[in-house]
Amino acid sequence: MYPLTVVLFFASVVLMILAFAVLKQKKSKLVWLSLTIVAMAIWSLGYGFELASNTHEQMLFWKKIEYLGINLIPAFWLIFCIEFSGKEFFLSKRWLGLIFFFPVISYLIIATNEYHLLYYETVALDSSGIVPLLRTTPGVWYYIHVFIFYIMFALGTFTLIFRLKYLNPLFRPHAYTLLVAACLPWLINITYIADIRPFGQIDITPFAFILSLLIVGGSFINNSLFNVLPIATSKVIDSMSNGLMVLDNQNKVIEINPSLLKILPFCTKDLFGKDVLYHVLHYEGLHSTILERKAAKNGFQFKHEGKTKYILVESVPMTEKNGVYIGLLLLFEDITKEKKQQELLFKQAEELVRLNQLKDKLFSVISHDLKGPIQGIKEILHMTLRGVISKREFFDILPDMTKDIKEASNLLDQLLKWSGKQLKGEGVVKEKMDLFYSVSKQMKFFENAAKEKNIHFINEVPDGIMVIADIDMIELVLRNLIGNAIKFCSTGDTVRINANIRADKIKISVTDTGQGIKEEHLEKLLSGESISTKGSQKEIGNGLGLIMARDFIHKNGSRLEIKSIPKEGSIFSFELPWDQETIDEPKESAVVNL
């Protein structure tokens with residue numbers, strides 16, 4: 001038996017043992033390296049049997065066995081290099097199909113060569129040497145096969161070279177050894193194709209591949225290069241709580257970690273290898289960050305599933321030693337919770353300012369609007385006791401004193417109820433409320449005041465309508481709105497309270513034909529400010545009632561609307577949900593004149 005045959009047989013056994021040893025490393029990315037070694041073992045075994053054969057038919061049979069391994073080596077090697085380099089996104093079903101398309105087609109052409117002679121134009125037995133060998137004349141497909149074979153092998157190797165550029169200096173000598181080992185079969189085969197053949201028709205390329213794979217396989221078993229390089233990096237990236245995206249110099253995505261998939265809804269595994277700018281057009285802060293290509297921190301926000309998310313992105317440009325830009329590292333942090341907390345703190349600060357203003361307003365009312373009338377009554381009583389004011393004079397001023405006491409009592413009632421709701425933090429207790437009854441109750445309260453001014457008092461609320469609200473709050477709102485309407489009406493004016501049903505809401509309006517509100521005062525009221533003005537008969541006002549009304553309406557899930565035309569009147573309205581189960585259809589408006 002020819003000595004080279006023994007070497008090839010022995011090498012096949014060694015390669016199969018090496019493939020098994022590599023596979024025992026239990027690392028998924030080494031499976032393809034193990035398969036590459038198995039394919040090389042098939043090539044080696046087939047070539048060994050070819051050299052040991054004596055007939056033309058036997059040699060052709062074993063050559064077909066060889067090409068099972070030869071065709072698979074570049075495909076397995078390319079996939080291994082892609083996985084090792086961390087570019088698994090290229091290994092989709094479509095890409096895998098494309099990678100294996102050539103080996104399958106090429107092998108079918110080689111296996112059926114005798115019918116078309118595309119791979120070998122002639123195949124003859126050459127017995128002039130030490131052992132009989134096949135002498136072949138390459139066909140068209142032979143050159144195509146060689147070209148694609150080395151293109152695939154080169155793509156894998158260059159991918160590996162690109163990955164090795166970023167190795168820790170500790171591993172670089174070992175990495176360069178692997179690189180030389182990977183390139184050795186190229187150089188040997190190029191000399192064979194160029195007809196530089198020191199051993200005649202014997203192709204020593206398989207021996208070069210055997211040596212190369214022995215070096216590569218042994219390195220991954222005996223050294224920590226594979227363990228440390230991508231796995232450690234991958235573990236760190238995958239365990240990051242912040243999102244990470246790596247772009248190349250063409251803004252194509254080459255790395256995304258799992259956290260980013262949770263942070264950005266547009267990020268999926270399908271984004272690998274694509275220009276990210278197309279996908280971030282609506283994310284203004286992110287889009288500009290990528291275009292600027294410089295170290296920076298920017299924020300952007302977007303809506304997802306009806307909720308606003310706030311993201312902080314930090315960009316870190318990556319450059320070569322000579323300053324050439326090669327890519328961009330983007331770190332994403334979801335700061336929605338922090339942003340919400342800031343907004344909450346801001347609202348709390350605003351609320352604190354509002355409460356301070358409320359406190360100042362309360363003290364102002366107590367010190368001026370409440371203290372003034374009480375102090376005046378005190379002085380009158382004191383002067384009466386001293387005889388400064390006669391009994392007749394006392395009875396003359398008694399109506400005015402009664403009016404002042406009534407206003408002070410009403411004001412004190414408002415202060416106590418409102419401050420209790422505000423300062424004690426009492427919640428809203430919503431229940432069914434008979435709107436017609438509540439409006440009638442408040443109109444009864446102001447009956448004398450309306451008669452004094454000869455005001456037409458009309459209740460147009462349909463009888464039987466039930467609304468859902470906090471009864472105490474809404475009755476205080478009605479009292480204040482009706483009281484204000486009377487206050488700013490003159491003799492003969494009209495105050496009308498009505499309720500219009502709108503789907504699931506009822507719009508309650510208090511309309512008067514009084515003096516109306518000046519434009520500058522209306523703007524302040526619409527902006528939430530309080531104003532203090534005197535009524536049509538110089539009634540004293542403090543602005544507290546409208547503040548209370550606005551606040552209570554808001555607590556019941558609505559807002560106060562104000563419309564007014566000077567010298568024509570005003571409309572104050574708000575909406576409340578109504579209990580549609582109470583009645584099928586509302587009764588006719590029960591117009592009540594008081």
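Everything here concerns the structure above.
In what follows, the accompanying structure is described. The shown structure was predicted, so the numbers you read here are calculated from the model rather than taken from an experiment. (Residues numbered from 1 in each chain as written. Predicted model: local features only at pLDDT ≥ 70, side-chain atom pairs only at ≥ 80, totals over all residues. Heavy atoms only, no water.)

On the surface, Leu23, Val31 and Leu35 cluster together to form a nonpolar patch covering roughly 210 Å² of accessible area. As for its placement among the helices and strands, Leu23 is situated in helix H1 (residues 3-23). (Patch = residues over 30% accessible without salt bridge, like charges linked within 9 Å, V, L, I, M, F, W, Y side chains within 5 Å. Areas by Shrake-Rupley, 256 points an atom, 1.4 Å probe, with all protein chains shown as cover. Salt bridge = Lys/Arg side-chain N within 4 Å of Asp/Glu carboxyl O. Helix = DSSP H or I, 4+ residues; strand = E, 2+ residues; numbered from the N terminus.)

It is worth spelling out the pattern of salt bridges at this point. Side-chain pairs of opposite charge can arise where the charged atoms are in close proximity. All chains considered together, the criterion is met by eleven salt bridges. Here Lys64 and Glu114 are joined by a salt bridge, their closest N and O atoms 3.7 Å apart. Placement of Lys64 in helix H3 (residues 56-84) and of Glu114 in helix H5 (residues 113-116) is noted, with a sequence separation of 50 residues between them. Within the structure, one salt-bridge network assembled from shared partners comprises Lys444, Glu447 and Lys451.

Our focus in this paragraph is the pairing of strand E14 (residues 569-577). Within a regular strand, the side chains alternate between the two sheet faces. For strand E12 (residues 505-512) and E14, the ladder comprises eight bridges, and the chain directions are antiparallel. From the neighbouring strand, Asp512 faces E14, where its bridge partner is Ser570. Bridge analysis of strand E13 (residues 561-565) against E14 gives five bridges, and the strand direction is antiparallel. Note that in E14 the partner of Glu561 across the bridge is Ser573. Between the antiparallel neighbours E13 and E14 lie three residues, among them Lys567 with a positive phi of about 70°. (Pairing = 2+ DSSP bridges.)

Okay, the side chain of Asn257 next. Among the structural elements, Asn257 can be located in the loop between strand E4 (253-256) and helix H10 (258-263). On the basis of relative accessibility, which here comes to 0%, the residue Asn257 falls in the buried class. (Buried < 20%, exposed > 50% of the residue type's maximum accessible area, 1.4 Å probe, protein only.)

Here we have five strands laid out as an open sheet, ordered E4-E3-E7-E6-E5, and antiparallel in their pairing. The outermost strands of the open sheet, each flanked by one partner alone, are E4 and strand E5 (296-304). On average, each strand axis in the sheet is inclined to that of its neighbour by 25°, with strand direction left out of account. Bridge count for E5 against strand E6 (residues 307-319) is nine bridges, and the pairing is antiparallel. Each bridged residue has a counterpart across the sheet, and for Gln301 the counterpart in E6 is Tyr310. (Axes fitted to C-alpha atoms, helices over the stretch in contact; angles between N-to-C directions.)

Turning next to the environment of Val461. Residue placement: Val461 occurs in the loop between strand E9 (456-460) and strand E10 (466-469). In sequence terms Val461 and Tyr437 are 24 residues apart; their C-alpha atoms lie 9.3 Å from each other.

Summed over all chains, the structure comprises 19 aromatic pairs. Seen in terms of ring centroids, Phe300 and Phe302 are 6.3 Å apart; in terms of plane orientation they differ by 25°. Their pairing is stacked. Each member of the pair Phe300 and Phe302 is classed as buried. Where Phe445 meets Phe446, the ring centres are 5.0 Å apart and the plane angle is 85°; that geometry is what we call edge-to-face. Every member of this aromatic cluster is reached through a ring pair, and the members are Tyr67, Tyr119, Tyr120, Tyr142 and Tyr143. When the ring centre of Phe445 is taken as reference, the NZ or CZ atom of Arg479 above it lies at 4.8 Å. (Phe/Tyr/Trp six-rings, centres within 6.5 Å; stacked < 30°, edge-to-face > 60°. Lys NZ or Arg CZ within 6 Å of the ring centre and 35° of its normal.)

Below, the discussion takes up the environment of Thr289. Secondary-structure assignment places Thr289 in helix H11 (residues 284-292). In this structure Thr289 comes out as buried when scored by relative accessible area, which is 1%. Separated by ten residues in the primary sequence, Thr289 and Gly299 place their C-alpha atoms 9.4 Å from one another. Apart from the residues within four sequence positions on either side, Thr289 is in contact with Asn298, Val313, Ser315, Leu328 and Leu330. (Contact = heavy atoms within 4.5 Å.)

Our next topic: the environment of Asp434. Within the element layout of this structure, Asp434 appears in strand E8 (residues 431-434). With relative accessibility at 28%, the residue Asp434 sits in the partly exposed group. Taking the C-alpha atoms as reference points, Asp434 and Val467, 33 residues apart in sequence, are found 6.6 Å from one another. A polar contact is formed between the side chain of Asp434 and the backbone nitrogen of Phe436, at a distance of 3.2 Å. (Polar contact = N/O pair within 3.5 Å; in protein donor to acceptor, adjacent residues only side chain to side chain.)

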